[in-house]
Amino acid sequence: VQLQAFGGGLVQAGGFLRLSCAASGRTFSHYGMAWFRQAPGKEREFVASISYAGVSTYYVDSVKGRFTISRDNAKNTVYLQMNSLKREDTCVYYCTATTRAIVPGLRRTYDYDSWGQGTQVTVSS
């Protein structure tokens, strides 16, 4: 599956952004989806995941209550609504897909098969 993420940008702390990731090439509803992020000089880290039907979602503790992952299988798109943004949320955000079952422990980069190109999110104080 090919993935293209967009929606990043510059926002003030406390603000919000909505990232989108459009999928093509395969049956989108067969894939679990996730968002990862990477700051300069740091490893790529898990942010949130959602099961193929959208029933199950999981989040890293640092974004719980602020970020919401969702998907629209009719539009082949997964979203990340980010509210109450903090400076430490400044990263490149990547969407990714997996054929594995989405479970709480599926948070490593090698658990995922396809990656989008990333979209920059910058939060200013």
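Residues numbered from 1 in each chain as written. Predicted model: local features only at pLDDT ≥ 70, side-chain atom pairs only at ≥ 80, totals over all residues. Heavy atoms only, no water.

Concerning the environment of L80
Right, on to step 1. Following the sequence through the fold, L80 ends up in strand β8 (residues 77-82).
Right, on to step 2. The buried category is assigned to L80, whose relative accessible area is 0%.
Right, on to step 3. Between the C-alpha atom of L80 and that of Q4, which follows or precedes it by 76 residues, the distance is 13 Å. (Helix = DSSP H or I, 4+ residues; strand = E, 2+ residues; numbered from the N terminus. Buried < 20%, exposed > 50% of the residue type's maximum accessible area, 1.4 Å probe, protein only.)

Quick notes on the nonpolar core
Right, on to step 1. In terms of nonpolar packing, the biggest core is built from 37 residues, with W35, L80, M82 and Y93 touching the most fellow members.
Right, on to step 2. Among the elements of the structure, β1 (2-6), β3 (17-24), β4 (32-38), β5 (45-50), β7 (67-72), β8, β9 (91-98) and β11 (119-124) are those that each provide at least two residues to this core.
Right, on to step 3. When sequence neighbours within four positions are dropped, the list of residues in contact with L80 reads L17, R18, L19, W35, V47, A48, F67, T68, I69 and Y93. (Core = buried A, V, L, I, M, F, W, Y, C linked by side-chain atoms within 4.5 Å. Contact = heavy atoms within 4.5 Å.)

Some thoughts on the state of the cysteines
Right, on to step 1. Within the structure shown, the criterion is met by 1 disulfide.
Right, on to step 2. There is a disulfide in this structure between C21 and C95, and the S-S distance comes to 2.0 Å. An S-S torsion of about 55 degrees defines the bridge between C21 and C95 as right-handed. Of this pair, C21 sits in strand β3 while C95 sits in strand β9, and the two are 74 residues apart along the sequence.
Right, on to step 3. You can see C91 has no disulfide; the closest cysteine sulfur is in C95, sitting 15 Å from it.
Right, on to step 4. For C91, a relative accessible area of 4% translates into the label buried. (Disulfide = S-S within 2.5 Å.)

Digging into the sheet that holds β7
Right, on to step 1. Spatial ordering of the open sheet is given by β1-β3-β8-β7, a layout of 4 strands whose pairing is antiparallel. Of all the strands in the sheet, just β1 and β7 have a single pairing partner and so form its edges. Taking each pair of neighbouring strands and ignoring which way they run, the sheet shows an average axis angle of 15 degrees. (Pairing = 2+ DSSP bridges. Axes fitted to C-alpha atoms, helices over the stretch in contact; angles between N-to-C directions.)

Brief notes about the pattern of salt bridges
Right, on to step 1. A full pass over the atoms with the stated rule returns 6 salt bridges.
Right, on to step 2. Residue R66 is joined to D89 by a salt bridge in which the shortest nitrogen-to-oxygen separation is 2.8 Å. Pair noted here: R66 is in the loop between β6 (57-59) and β7 and D89 is in the loop between β8 and β9, with a separation of 23 residues, a long-range link. Pair check on accessibility: R66 and D89 agree, each one buried. (Salt bridge = Lys/Arg side-chain N within 4 Å of Asp/Glu carboxyl O.)

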